[in-house]
Amino acid sequence: MTIAVTNECNLNCIFCYVNKKKIYKFSFETHKNIIGFIKYYYEKYKIKKLFITWTGGEPLVEFDNIVKLSEEIINFCCINDIRFEFNIITNAVLLNETVIKKLKEINITNIQISIEPTEILDLLSRPIKNTNKSNFNNTYENIKNVAGLIPIVLRIALSKRNFTQIVNFAIRLKNDNLLSNNVNFALGPLHIPYLNSNLDFSILSDVLDSRDYSRIYFSIYEELLNKNIIKFTPYPSLYNECGAYKSNVFSVDAKGDIFKCFENVFEISESIGNIRDKNISLIYKHTNWIKKDFDFEKLECYHCKLLPVCKGGCNMVRRFKNESNIGNFLELGCNEWKYEKGLKLYYKSIKEND
């Protein structure tokens, strides 16, 4: 779950997750503390907008608790004239029309579904526990069954393993009329828990460095444009800055521990507090994000024309590089727009569509 505190409040709630030893679910205590945290920040900062993302692990495992907590939060927001917006990130295995109907009742405005482009890749990346089976077909059928009921974004983590299959996946979506039925897809980098002490470094073999990521990312969109599967390519936003840099955005795990970056959740040494304590300590783990502790000249950002768009790139990637000593991994955490092909491609899509 994500929370923000000043005039806005963004809360990223991780409702249910599994590590190597245990399954963690939102406890009743954490439930109460979330409500207390929101009330505290309303009283202290008079927040006017609350944005919440329910995520996991798989949040729909705790569907009833999400509904109950959401209803309490909505009631508080309505009483205190706070605008609110919720969304959810899920693998869609438990998604159906009944669930969608209830999610809309608790103000879920869109759903992000994590997916691989083929069943084989899904099996390699996220097999069903203790089996050699994949959830891909179940997930895809559920998407078809609920398409049109609520906006859906299919997020694919672009990697060395799956990039050759993405265009075919998009063609399949179009042939099944999903792209014209409020379903879209988005590419993003393969995320890894950079500072997690339990990290399996073998995952790095699938991660694209920023230059290759940019080249492949825009090559895919160019092919989709040429095949008339999409009309416009993505375009960078000056306002789409990482929430970890903002003082009013937090990620909260099922135990109530608070983190700035979603990628280092579960690494308790990166926690900046617990939801039960309400106050967030301005310790180094917190202020390092807010003040953007970058040496821009050393990192070549100062002279880069893309700086207003990427805002200095990913701080977590830089920290990972420094602490793991693995050389030029992901360069500087640079944005895909650095390498210019994207702007030319966007211009082409605008020109072709007047």
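Note that this is a predicted model, so its numbers are computed, not measured.

Draft legend 1. Representation of the overall build of the protein chain within the structure. The number of helices and strands found in the protein chain is 11 helices and 11 strands. Within the protein chain, the fraction of its 354 residues that count as buried is 49%. Across the protein chain, the fraction of contacts at a sequence separation of at least 24, relative to all contacts at a separation of at least 6, is 68%. A total of about 17,700 Å² of accessible surface is found on the protein chain, and carbon and sulfur atoms cover 49% of it.

Draft legend 2. Local environment of the nonpolar core. By size, the foremost hydrophobic cluster in this structure holds 79 residues, and its most contacted members are Ile34, Trp54, Ile73, Leu95, Ile111 and Leu154. In terms of nonpolar packing, the next biggest core, distinct from the first, is built from five residues, Tyr245, Cys261, Trp289 and Met316 among them.

Draft legend 3. Here's a closer look at the environment of Lys227. Inspection of the secondary structure puts Lys227 in the loop between α7 (210-226) and β9 (249-252). Separated by 60 residues in sequence, Lys227 and Val167 have C-alpha atoms that sit 9.5 Å apart. Contacts of Lys227, omitting those with residues within four sequence positions, involve Val167, Ile171 and Lys174.

Draft legend 4. Geometry of the side chain of Thr233. Here Thr233 shows up in the loop between α7 and β9. Judged by its relative accessible area of 6%, Thr233 falls in the buried class. A distance of 3.5 Å separates a polar side-chain atom of Thr233 from the backbone nitrogen of Tyr346. When sequence neighbours within four positions are dropped, the list of residues in contact with Thr233 reads Tyr221, Leu225, Leu345, Tyr346 and Ser349.

Draft legend 5. Spotlight on the pairing of strand β4 (residues 49-56). In terms of burial, β4 is largely enclosed, as six of its eight residues are buried. When β4 meets strand β5 (residues 83-90), the two strands line up parallel, connected through six bridges. Across the sheet, the residue bridging to Trp54 is Ile88, located in β5. In the classification by handedness, the crossover that spans β4, the intervening helix α2 (residues 63-79) and the parallel β5 is right-handed.

Draft legend 6. View of helix α11 (residues 341-352). Taking 1.5 Å per residue, 12 residues should reach 16 Å; α11 reaches 17 Å between its end C-alpha atoms and fits that length. Every buried residue belonging to α11 is among Gly342, Leu345 and Ser349, and all of these are buried. Relative to the axis of α11, the buried residues are bounded by an arc of 65° and lie together on one face. The exposed residues of α11 that point more than 90 degrees off its buried face are Lys344, Tyr347 and Lys351. Where α11 is buried, its residues touch α7. Immediately downstream of α11, the backbone of Asp354 shows phi near 55°, a positive value.

Draft legend 7. Representation of the pattern of salt bridges in the model. The tally for this structure, following the rule as stated, stands at eight salt bridges. Between Asp206 and Arg161 there is a salt bridge, with the nearest N and O atoms lying 3.4 Å from each other. Here Arg161 lies in the loop between β7 (152-158) and α6 (166-175) and Asp206 lies in the loop between β8 (183-189) and α7, a separation of 45 residues in the sequence. Note on Asp206: relative accessible area 17%, which makes it buried. On the basis of relative accessibility, which here comes to 35%, the residue Arg161 falls in the partly exposed class. Note that Lys227 is salt-bridged to Glu223, the shortest N-O span being 3.9 Å. Each of Glu71, Lys102 and Glu105 takes part in one network of salt bridges that share partners.

Draft legend 8. Just the packing of α7 against α11, in detail. Interhelical geometry of α7 versus α11 gives an angle of 15° and a closest axis separation of 10 Å. Of the possible angle classes, the one that applies to α7 and α11 is roughly parallel. Crossing geometry of α7 relative to α11 is assigned as left-handed. Taking contact as the criterion, the partners of Phe218, Ser219, Tyr221, Glu222, Leu225 and Asn226 in α7 are, on α11, Lys341, Gly342, Leu345, Lys348, Ser349 and Glu352. Residue composition of the contact of α7 with α11, grouped by class: four nonpolar, four polar and four charged.

So, how was this worked out
Residues numbered from 1 in each chain as written. Predicted model: local features only at pLDDT ≥ 70, side-chain atom pairs only at ≥ 80, totals over all residues. Heavy atoms only, no water. Helix = DSSP H or I, 4+ residues; strand = E, 2+ residues; numbered from the N terminus. Buried < 20%, exposed > 50% of the residue type's maximum accessible area, 1.4 Å probe, protein only. Contact = heavy atoms within 4.5 Å. Areas by Shrake-Rupley, 256 points an atom, 1.4 Å probe, with all protein chains shown as cover. Core = buried A, V, L, I, M, F, W, Y, C linked by side-chain atoms within 4.5 Å. Polar contact = N/O pair within 3.5 Å; in protein donor to acceptor, adjacent residues only side chain to side chain. Pairing = 2+ DSSP bridges. Right-handed = clockwise from strand over helix to strand, strands pointing away. Expected span 1.5 Å × (residues − 1). Arc of directions from axis to C-beta. Salt bridge = Lys/Arg side-chain N within 4 Å of Asp/Glu carboxyl O. Axes fitted to C-alpha atoms, helices over the stretch in contact; angles between N-to-C directions. Parallel < 35°, antiparallel > 145°, perpendicular 65-115°, else oblique. Left-handed = near helix turned anticlockwise from the far one by under 90°. Nonpolar A, V, L, I, M, F, W, Y, C, P; charged D, E, K, R; others polar.

Distances and angles like these do not, on their own, reveal function.
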